[in-house]
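# Geometric and topological summary
Each chain, written out:
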Amino acid sequence: MLDLIWLVPALPLAGATVNLFLLGPSRPGRRLGRNGGWLATALVGLAFAVSVGALLDLLAIGAEERVHVTRLFEWITAGSFSVDVAFRVDPLSITMALVVTGVGALIHLYAIGYMEHDPRIGTFFAYLNLFVAFMLVLVLADNYLLLFVGWEGVGLCSYLLIGFWYDRPTASSAAKKAFVTTRIGDAAMLLGIVLIFVHLGSLDFDAVFGEAAGGLTQGAATAISLLLLAGAIGKSAQLPLHVWLPDAMEGPTPVSALIHAATMVTAGVYLVVRSHVLFELSGTALTVVLVVGLVSALYAALASIGQFDIKRALAYSTMSQIGFMFFAAGMGFYTGAMLLLVCHAFYKALLFLTAGNVLHGMDDETDMRRMGGLRVDMPVSTVWFAIGALSLAGIPPLAGFFAKDQIVSFASTSDRDLAWVLATIGAFLSALYIARPLFLTFFGRRRNDSHAHEAPGLMQTPLAVLALLVVAGGLVLGLTAEGGRLAVFLEPVVGAVEHGGGALSEGTLIGFSVAIAVAAVLVAYWVWASGRVNWQAFPERQPELAGWLANAFYLNALYAWLVQFPGKGFGRALRVVDERVIDGAVNGVADEVGDASRLAPTIQRGFVRSYALAFLLGAVALLLFLGLRIV
Amino acid sequence: MSADQLVFWVFAPISIGSAIAMLLQRNAVHAALFLIVNFFTISVFYLVLGASFLFAVQIIVYAGAIMVLFLFVIMLLGVDREESLLERLRGQRVLGIALGVGIALELIVAIRAGVGFATHAPANFDEVANRGGNAAAISAVLFRRYFFPFEVTSILLIVAAIAVVVLASRQRPSLARATEERATDAEAA
Amino acid sequence: MTTPISYFLVVSAMLFSIGTIGVLVRKNALIIFMSVELQLNAVNLALVAFSRMHNELDGQVLAFFSMVVAAAEVVVGLAIIVTVYRRRRSASVDDLTVLRG
């Protein structure tokens, strides 16, 4: 099965092709489109099965040799530059592949019901499959160039899917914004890849990570790492390239769940963990990762609290959670980052899909101020959301608790006290910002008149599976930091977990984490659900603070302003060039030709004498020429 | 000053003067007459240069036949018709005169470069070239070395005569009208 | 002969250029034709002068042929001018603009 790993990206790719070209976009009334959805889901499910098979084969091999590279064909050979299309099955990549295909298949299933009435459902599933294919290429690639292919591919699919309802101007501009913003990171990343080749002569992971210690100076390693990090920052929506993520919520909710919660945005984390050898060679880069993660986490937490759109609130929460993953990686706690990545995939997908239920039931209403008390009409969804939210908040024994607690504990054992304090604050805020939509939407007084209806069974089934994963996942995968199954599994790739000695004992730390989480949930309940705090008056009472929170500290406005000036100036300059220089040249040539052709007939007016004059002119000139040669 | 120098310096100004005068006449008959004067001066030059046969032929053929023919045609076309002084083509006059002067200068420069202003003719022309008199000497060259061109020119003269007869004959009235119409159509197009 | 040959050549050059100016500047077809004759004569003069210079009679023979051909040409040319005049009632070359492009 290990050699068949190429099937994993190939199956969804086939699905995309079929849906795009053979089944075609469906029109209302044609059932074909929905069948395209079943086909797409089945193919991703099949890919998941192959991945499981590969996992089993991998487990059969001894722990130290769990790397299997399948070379498909030679892709580029140009002199000393040689890149193959090769897929790598090792613990890290198979973990990612399982998450992508597993959660992906569940979201595909959900989307069949969610997108049922959309006329372009066939195209939707084609794009969704294409995305999964590219994401799998990204995580299974054995060299940086193939990884970059997948990287770009998911960026493309993100653009296609955010702007899926292209007739909405907000959607299409959000898609463009996403593409352009991540482009900045991608360009830096490409430079980093080039540098890798320049210094180490190869892009294959084994070669790069093997030669890195000897072949790279610290400065080179820092440069490469920072450039790769730039790409990761863009793709994972961390500061300062995060502005596209909240706007990306314009896409359909399954897209938000799959791409912007569970998988694509975690690609940055995967890149950092995969390249950890390079990052460790340069100590500075790792610190930068840490700082970026922590600052993004706190920034996004505060922003999330200020959002009234439920999807945007969840988007900022994603950014914050990924910030935690970067934070963990920055401390060298790669297994912790990966555990959070996997658990986050589960509960964030759950949260987003439940939000999809709410949108489905509330006729696409997203403003939480117009929700409230929905647990009466949508009890099942309330349960799902509660499970997801409490997991994120870090309430044991849900998955999120293990991941988050391990990270915060790890921080406490490192020498970075400030980091630990900030991480703890972040943990508190994260519990707060996720409990808020839970209470605003499902609890409290009803603020809407319409009758919300629960989602159908087809949409609830994947949610049930996800909820199960959230409940059980932490226990299964990450019971402890060193001994958890995932940590042990990933050890050959990322190294063992090294705890520093801590001042506080394990039990104290756990108790502290739980206490913070519970406190935050209670505070959230009191503010937003109990009715005792007039949270609706907050924007009027404190318009400035509310404004800062709601507009995410006006970073969007700042960027717009920064881009505007040179952009407009450049545009104006170009316009001048276009009109005066280019048009001037072209029109000038045309005018000259016109003038010349007006002049031309004057030679042939029919007067014999002017012809004679012309003869003489030529004769005189010729004689002159000959004469000058003699004299 | 020797005889030929005197002759030269008298007739050269007359030659050039009559040529310029011919140019400046508005009346065609006057212009023709000045040209005849010019031909006479040229024939004198021929004489000075030792070409006595050509001296005679020039007068007989050019002044006597060709210019007479010219005068016939001028009479035919209307003696009193005078050419208008208005020059319709811009720059024609200026350029024409300028280029004419330019040609003259270039030729003079060529003469200086090729022959040199001081070259004299060899003195033994009469013994070497004109043996037996100019006419006899010319006939010796003409009917021996240039016999073939001589015959060709006679054919040329016959052809010219035929051509003139054809051109000048009046066409049948219907044909004339048809040709006239075609000409006016071509003009209008 | 004591006059340098080049003097005759200079006279010939000047006559030739006067003839050229005549061709360009005058509008009457007959006068243009006369100017052409002037040019031919100038050339004949040059031929004879060179013949004298080289002590050969070839130049004179060539001048002779030139005269013959000039005579034939004059005849035909005048016939053409007459024909054109019959057509257009005008002897000015400026009226012959059918070749206008």
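Residues numbered from 1 in each chain as written. Chains lettered and ligands numbered in written order. Predicted model: local features only at pLDDT ≥ 70, side-chain atom pairs only at ≥ 80, totals over all residues. Heavy atoms only, no water.

A few words on the overall build of chain A. Secondary structure summary: chain A contains 25 helices and 2 strands in total. Counting across all 631 residues of chain A, residues that qualify as buried make up 56%. Put simply, of all contacts in chain A between residues at least 6 apart along the chain, 80% involve residues at least 24 apart. A total accessible area of about 25200 Å² is found for chain A, and carbon and sulfur atoms account for 67% of it. (Helix = DSSP H or I, 4+ residues; strand = E, 2+ residues; numbered from the N terminus. Buried < 20%, exposed > 50% of the residue type's maximum accessible area, 1.4 Å probe, protein only. Contact = heavy atoms within 4.5 Å. Areas by Shrake-Rupley, 256 points an atom, 1.4 Å probe, with all protein chains shown as cover.)

Okay, the confidence of the model for chain B next. Residue and element names in this part refer to chain B. Looking at chain B as a whole, the pLDDT averages 86, with 87% of positions reaching at least 70. Least confident of the elements in chain B is helix H8 (residues 173–188), whose mean pLDDT is 64; most confident is helix H2 (residues 28–48), at 94. With pTM at 0.66, the complex prediction returns an ipTM value of 0.91. (pLDDT = per-residue confidence, 0-100.)

This brings us to a nonpolar patch on the surface. Residue and element names in this part refer to chain A. Taken together, the side chains of Met 1, Leu 4, Trp 6, Leu 72, Phe 73, Trp 75 and Val 149 make up a nonpolar region of the molecular surface, amounting to roughly 610 Å² of accessible area. The greatest single-element share of the nonpolar patch, amounting to 3 residues, is contributed by strand S1 (residues 68–78). Assignment of secondary structure puts Phe 73 in strand S1. Taking the relative accessible area as the measure of exposure, Phe 73 reaches 44% and is therefore partly exposed. (Patch = residues over 30% accessible without salt bridge, like charges linked within 9 Å, V, L, I, M, F, W, Y side chains within 5 Å. Salt bridge = Lys/Arg side-chain N within 4 Å of Asp/Glu carboxyl O.)

In this section: the interface of chain C and chain A. Much of the literature gives interface size as the accessible area that the parts lose upon coming together. Contacts between chain C and chain A engage 14 residues on the former and 10 residues on the latter. Applying the counting rule to chain C against chain A returns 0 salt bridges. Here chain C is connected to chain A by 2 residue pairs in polar contact (both at pLDDT 80 or more). Element by element, the count of residues in the side of chain C that touches chain A is highest for helix H1 (residues 5–25) of chain C, at 4 residues. In the side of chain C that touches chain A, the residues fall into 7 nonpolar, 3 polar and 4 charged. (Polar contact = N/O pair within 3.5 Å; in protein donor to acceptor, adjacent residues only side chain to side chain. Nonpolar A, V, L, I, M, F, W, Y, C, P; charged D, E, K, R; others polar.)

Right, let's get into the packing of helix H15 (residues 334–361) of chain A against helix H19 (residues 457–477) of chain A. Residues and elements named next belong to chain A. The interhelical angle for the contact between H15 and H19, taken along N-to-C directions, is 155°, at an axis separation of 9 Å. The orientation of H15 with respect to H19, classified from their angle, is roughly antiparallel. As for how H15 packs across H19, the hand of that crossing is left-handed. Only Met 459, Gln 460, Leu 463, Leu 466, Ala 467, Leu 469, Val 470 and Leu 477 of H19 make contact with H15, whose side of the interface consists of Leu 339, Val 342, Phe 346, Tyr 347, Ala 349, Leu 350, Leu 353, Thr 354, Asn 357 and His 360. Class assignment of the residues belonging to the contact of H15 with H19 gives a composition of 14 nonpolar, 4 polar and no charged. (Axes fitted to C-alpha atoms, helices over the stretch in contact; angles between N-to-C directions. Parallel < 35°, antiparallel > 145°, perpendicular 65-115°, else oblique. Left-handed = near helix turned anticlockwise from the far one by under 90°.)

With that out of the way, let us pick up the interface of chain C and chain B. Taken together, the contacts link 73 residues of chain C with 97 residues of chain B. Summing the contributions of chain C and of chain B, the shared interface buries around 7700 Å²; its carbon and sulfur component is 72%. Our count for the chain C to chain B interface comes out at 1 salt bridge. In this structure, Arg 145 of chain B and Asp 58 of chain C form a salt bridge, with 2.7 Å as the shortest nitrogen-oxygen distance. Going through the elements one at a time, H1, helix H2 (29–54) and helix H3 (58–88) of chain C are the ones with two or more residues in the side of chain C that touches chain B. Across the side of chain C that touches chain B, the residue classes break down as 48 nonpolar, 13 polar and 12 charged. (Buried area = accessible area lost by both parts, 1.4 Å probe.)

To continue, consider H2 of chain C. Residues and elements named next belong to chain C. For H2, spanning 26 residues, the distance from its first C-alpha to its last is 38 Å, which sits close to the expected 38 Å at 1.5 Å a residue. Counting buried positions along H2 gives 20 out of 26 residues, so the element sits mostly inside the fold. Directly after H2, the chain includes Asn 55, whose backbone phi takes a positive value near 60°. (Expected span 1.5 Å × (residues − 1).)

What follows is about unusual backbone geometry. Residue and element names in this part refer to chain A. Looking along the chain, the bond that leaves Leu 239 and enters Pro 240 is cis, with omega of -5°. By secondary structure assignment, the location of Pro 240 is in the loop between helix H8 (218–235) and helix H9 (244–247). Pro 397 follows Pro 396 through a cis peptide bond whose omega is -5°. With respect to the helices and strands, the residue Pro 397 is situated in the loop between helix H16 (379–393) and helix H17 (399–413). With a phi angle near 55°, Ala 237 is a residue other than glycine that sits in the positive phi range.

Here the focus is the pattern of salt bridges. Residue and element names in this part refer to chain A. Under the definition given, this model contains 15 salt bridges over all chains. Arg 274 is the salt-bridge partner of Asp 90, the closest N and O atoms lying 2.8 Å from each other. One end of the pair, Asp 90, is in the loop between strand S2 (81–89) and helix H3 (91–114); the other, Arg 274, is in helix H11 (residues 267–274), with 184 residues separating them in the sequence. Residue classification places Asp 90 among the buried residues on the basis of a relative accessible area of 1%. For Arg 370, the salt bridge is made with Asp 367, and the minimal N-O distance between the two is 4.0 Å. Residue classification places Arg 370 among the partly exposed positions, given a relative accessible area of 45%. On the accessibility criterion, Asp 367 (11% relative accessible area) is buried.

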